[in-house]
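Remarks on the overall topology
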Amino acid sequence: MPRTTVTQLYQNLSLPVISAPMFIVSGPELVIAQCASGIIGSMPALNARPQSKLAEWLTQIETTLAELKRQEPDRIIAPYAINHIIHKSNDRLAEDMAVCAEHKVPLIITSLRAPNDVVDAVHGWGGKVFHDVTTMRHARKALDAGVDGLILVCSGAGGHAGTLSPFALLAEVRKIFDGPIALSGAISRGQDVLAARAMGADFAYIGTRFIASHEAQAQDNYKEMLVQAQANDILYTPFFTGIPGNYLKPSIAAAGLDPENLPVANPDGTNFGSTRTKAWRDIWGAGQGVGSIDSVLSVEHIVDKLKQEYHQACLSLNDSFAGAHI
């Protein structure tokens, strides 16, 4: 895939970051704040309930950002992205895709199945498709489907993460794909963003850090739990959705379950449809980078901090190796 996709996106970014779409947590206020801060904001289409609300949310995002650009023509405003779960159980996919087509959403993030029947539709309205992958097999299937970019969901990432080290998966994917790659896996600081770029990724993919923001739709208890958590408070389990993911142990315990002795998951129970129950709505996802989160801040403040850390890390590396003979 041509590198022009990366160049086009970079032109409207203040930092090479894509915010991960987070179930329940991401909404239009969070997306608007992220895009207004110069990073790509995203949200799952399924967060809009009822389904008719999705069109309202996209209109809200577009009109608010357009007005901000009118008021501040020189401001860097990033494009936004919408995530679609394309698992067979998602009975809203066709309707949600139709809304995205009407709004010509610039970036679609697909998850949990090769997006063969989505790519052509998105390309038809001029959008791009990035697909979540956790293994080389998934990466090959996504590339065969014609996606524009890959999101490597590696060990330590929040949500439905994989088990491979970001070093291992990124190195192997780069052997077969020189197009846009976003890297995830416990990325919560500007130093982490620079590390992802140094490894060969084009973007850092950050989710958990933005849960602890004023604009996130997460409950206050959820945000405070993130501030208090450390990496060893994260449990990787398929129990809650049928697909392995990372969750906060304290939220599991608060629901009356023993995080160390969960029942065996039933993979046939995986359901992302409109009829799925919300039995586990208070089981909260998070990545292993929680130990770097020490306060709940505005998105603007978080992104400013990421920028400062990123640039300071660049300077520190330059200083460290100045005059060195390698």
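That block above? That's the structure.
Definitions and limits used
Residues numbered from 1 in each chain as written. Predicted model: local features only at pLDDT ≥ 70, side-chain atom pairs only at ≥ 80, totals over all residues. Heavy atoms only, no water. Helix = DSSP H or I, 4+ residues; strand = E, 2+ residues; numbered from the N terminus. Buried < 20%, exposed > 50% of the residue type's maximum accessible area, 1.4 Å probe, protein only. Contact = heavy atoms within 4.5 Å. Salt bridge = Lys/Arg side-chain N within 4 Å of Asp/Glu carboxyl O. Pairing = 2+ DSSP bridges. Axes fitted to C-alpha atoms, helices over the stretch in contact; angles between N-to-C directions. Parallel < 35°, antiparallel > 145°, perpendicular 65-115°, else oblique. Left-handed = near helix turned anticlockwise from the far one by under 90°. Nonpolar A, V, L, I, M, F, W, Y, C, P; charged D, E, K, R; others polar.

Here we look at the environment of A196
Following the sequence through the fold, A196 ends up in helix α8 (residues 190–199). The exposure class of A196 is buried, given its relative accessible area of 1%. As for A196 and F167, which are separated by 29 residues in sequence, their C-alpha atoms are 9.2 Å apart. For A196, the contacting residues outside a window of four places in its chain are L183, I187, A201 and A204.

As for the pattern of salt bridges
Counted by the stated rule, this structure contains eight salt bridges. Where R70 meets E67, a salt bridge forms, and the shortest distance between an N and an O atom there is 2.7 Å. With R70 and E67 both in helix α3 (residues 53–71) and three residues apart, the pair spans about one turn of that helix. Look at R70 and you get exposed, because its relative accessible area is 57%.

Details of the environment of S316
Relative to the helices and strands, S316 resides in helix α12 (residues 299–321). Between the alpha carbons of S316 and P180 there is a distance of 27 Å; along the sequence they are 136 residues apart.

A look at the sheet that holds strand β1 (residues 17–19)
Sheet architecture is open: eight strands sit in the order β1-β8-β7-β6-β5-β4-β3-β2, paired in parallel fashion. Both outer strands of the open sheet, β1 and β2 (41–44), are each paired with one neighbouring strand and no more. When the angles between neighbouring strand axes are averaged without regard to direction, this sheet yields 25°. Where β2 and strand β3 (residues 80–85) come together, four bridges link them in parallel fashion. Bridged to G41 within β3 is Y80. Lying on the sheet, helix α6 (residues 136–144) is in contact with β5 (128–133) and β6 (149–153); it crosses β5 at an angle near 160°. With respect to the sheet, helix α7 (residues 166–174) is in contact with β5, β6 and β7 (181–184), its orientation differing from that of β7 by roughly 165°.

With respect to the packing of helix α2 (residues 28–36) against α3
The interhelical angle for the contact between α2 and α3, taken along N-to-C directions, is 30°, at an axis separation of 10 Å. With respect to α3, the axis of α2 lies roughly parallel. Our pair here, α2 against α3, has a crossing hand that is right-handed. Of α3, the residues touching α2 (which contributes P28, E29, V31, I32, C35 and A36) are W57, Q60, I61, T64, L65 and L68. Residues that form the contact of α2 with α3 fall into these classes: nine nonpolar, two polar and one charged.

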